[in-house]
Amino acid sequence: MKIDVRTPDGQRMTWRHATLPLGSALRIAPAFTATAIADDIQVESTIEAVYSAEAGRYRIAATAHRATTDAGEITPTVLRQIRLGELLTAAVPHCVTVEFEGKQRTVHDLLATGGRVVPEPLAAIAVVAGPTADTLGLVQLIYGVAALAALPPMRAVATELGIPERTATHWINKARTAGLLEGIRYVVGRQPDGVRSAE
């Protein structure tokens, strides 16, 4: 999915727009718009999302859809195929900034490859090292990005690092005890795609 993420006033999203501190090391954009064309339907969708401290994540405040072909039509059946949760998940890494080697970068620019938050080689190093300060920093990053996109963070940590869910829970607890997850919350309940989370 090719995605275009912008500030509410139409500027292309960069690390400079992430002005809101979150956790001990993350900064996020307070709001954004994201536009993408679904791979399997000829519809361009745009979401407007705003960070809610109460919810601990981005909330989709508005959507818009447009047929991308002359024969295209926005019907109830087409609307049911639009996956707003996937669009939100793809947009969040563009809106989260971390410091790496003394420079600020968005998660997307720095790490995101192939739909991952953390590249596989870096994840493998973290698993071998165990719950060190650097590994817990990755846990904070993965947890934060997942929580902001209303995805189950524990599952995201386990999947990204290739570790059992029990280990992921232990590492998350260590990160929380270290103060890395302050202000980052995941509220169990109905998510943007209508699915109820079990975490």
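Structure: above.
Here goes a summary of the coordinates provided. (Residues numbered from 1 in each chain as written. Predicted model: local features only at pLDDT ≥ 70, side-chain atom pairs only at ≥ 80, totals over all residues. Heavy atoms only, no water.)

## Looking at the environment of G144
The residue G144 is located in helix α5 (residues 133-148) in this model. Looking at G144, the relative accessible area reads 0%, which means it is buried. Between the C-alpha atom of G144 and that of L181, which follows or precedes it by 37 residues, the distance is 7.7 Å. Excluding residues within four positions of it along the chain, G144 makes contact with L26 and I184. (Helix = DSSP H or I, 4+ residues; strand = E, 2+ residues; numbered from the N terminus. Buried < 20%, exposed > 50% of the residue type's maximum accessible area, 1.4 Å probe, protein only. Contact = heavy atoms within 4.5 Å.)

## Observations concerning the environment of I184
Note that I184 resides in the segment after α7 (165-177). The exposure class of I184 is buried, given its relative accessible area of 6%. Taking the C-alpha atoms as reference points, I184 and G23, 161 residues apart in sequence, are found 5.9 Å from one another. Here I184 is in contact with L22, G23, L26, Q140, Y143, G144 and A147, once residues within four sequence places are set aside.

## Points about the nonpolar core
Judged by nonpolar contacts, the single largest core of 51 residues is most densely connected at F32, Y58, V157 and L161. Sorting elements by how many residues they give to this core places α5 first, with 10 residues. Apart from residues lying up to four places away in sequence, Y58 is in contact with I28, A29, P30, F32, A49, V50, Y51, L88, V92, C95 and L148. Counting residues in hydrophobic clusters, the runner-up holds five residues, among them A38, I41, V78 and I82. (Core = buried A, V, L, I, M, F, W, Y, C linked by side-chain atoms within 4.5 Å.)

## A short note on the packing of aromatic side chains
As enumerated under the stated definition, the model contains two aromatic pairs in all. Here the aromatic rings of F32 and Y58 are separated by 4.9 Å at their centres, their planes lie at 80 degrees, and the arrangement is edge-to-face. On the criterion of sequence distance, the pair formed by F32 in strand β4 (residues 31-37) and Y58 in strand β6 (residues 57-67) is long-range, its members being 26 residues apart. With respect to burial, F32 and Y58 carry one shared label: buried. (Phe/Tyr/Trp six-rings, centres within 6.5 Å; stacked < 30°, edge-to-face > 60°.)

## Digging into the pattern of salt bridges
Taken as a whole, this structure holds four salt bridges when the rule is applied. With a shortest N-O distance of 3.3 Å, E44 and R66 are connected by a salt bridge. One end of the pair, E44, is in strand β5 (residues 43-52); the other, R66, is in strand β6, and 22 residues separate them in sequence. Owing to a relative accessible area of 21%, E44 belongs among the partly exposed residues under this scheme. One network of salt bridges, with partners in common, ties together D4, R6 and R12. (Salt bridge = Lys/Arg side-chain N within 4 Å of Asp/Glu carboxyl O.)

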